[in-house]
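Architecture and fold: a report
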Amino acid sequence: MEDSSVFSIQWTTFPHSVAAGLTSRDLLHRYLSYIRHATLSIIRPIISENGVEFRLLATRWSLISFLKPLKEGDAVLLRICGGLLVQKHQCDRGELSFSVKAVPAGITTTLQLSDYCPLILGSSSPNKIRYWLYRLTQAAIHRLVTIRFLVLLYRDLAGPSACIKVVAGQVREGHPL
């Protein structure tokens, strides 16, 4: 975004018959399980009474920390509150949301990261090296992991032979990552 915060949204729409009963909490828990599995337990989502942390291996080092999940309408929100990958002066900013909503075409599941201030960018006006370093590393990994999660979720619910098409789109003005 213009202030160098990150906005990312990915979604998919399932037929009603496939995703009936899926909730935003289910989506969150499936995502946390997927992160652990997809990273071969290098990143370990830990749920505690204080919130959720994505820890590095079996250490106490949190790559990104969130407050307790908060239900808001059709979504469950994880508000960012710290971590090694977050700019120190922006720890109280940003959120990751998981939503499941019935629409005429079916059930739409959405994962949205908004107002996130990655440490790699360094400030609200990163230089080109930091921008490209973020784009080629953390942004690429986030996009790959999120899209792959939605593809696997679709195949899990609709069957392994389900046809899936990934379509790029832009829903906000900003610099593409």
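Residues numbered from 1 in each chain as written. Predicted model: local features only at pLDDT ≥ 70, side-chain atom pairs only at ≥ 80, totals over all residues. Heavy atoms only, no water.

Remarks on the environment of S123
Along the polypeptide, S123 turns up in the loop between β8 (106–116) and α3 (128–158). Relative accessible area serves as the criterion here: at 26%, S123 is assigned to the partly exposed category. Between the C-alpha atom of S123 and that of H89, which follows or precedes it by 34 residues, the distance is 9.2 Å. (Helix = DSSP H or I, 4+ residues; strand = E, 2+ residues; numbered from the N terminus. Buried < 20%, exposed > 50% of the residue type's maximum accessible area, 1.4 Å probe, protein only.)

Quick look at the nonpolar core
The biggest cluster of nonpolar side chains holds 35 residues, and the ones touching the most others in it are Y31, F54, F66, F98, Y116 and F149. Those elements that provide at least two residues to this core are β1 (6–14), α2 (24–38), β3 (51–56), β4 (62–67), β6 (75–82), β7 (95–103), β8 and α3. With 7 residues, α3 is the largest single contributor of residues to this core. When residues no more than four places from it in sequence are discounted, the contact partners of Y31 are F54, L96, F98, L111, V145, T146 and F149. (Core = buried A, V, L, I, M, F, W, Y, C linked by side-chain atoms within 4.5 Å. Contact = heavy atoms within 4.5 Å.)

Description of unusual backbone geometry
Phi at S41 takes a positive value of approximately 65°, unusual for a residue other than glycine. Looking at where S41 falls in the secondary structure, it is placed in the loop between α2 and β2 (43–48).

Digging into the environment of G51
Here G51 shows up in strand β3. In the structure, G51 is positioned 14 residues away from S65 in sequence and 7.5 Å away in space, judged by C-alpha atoms. Beyond its immediate stretch of four places on either side in the chain, G51 contacts I46, F66, L67 and K68.

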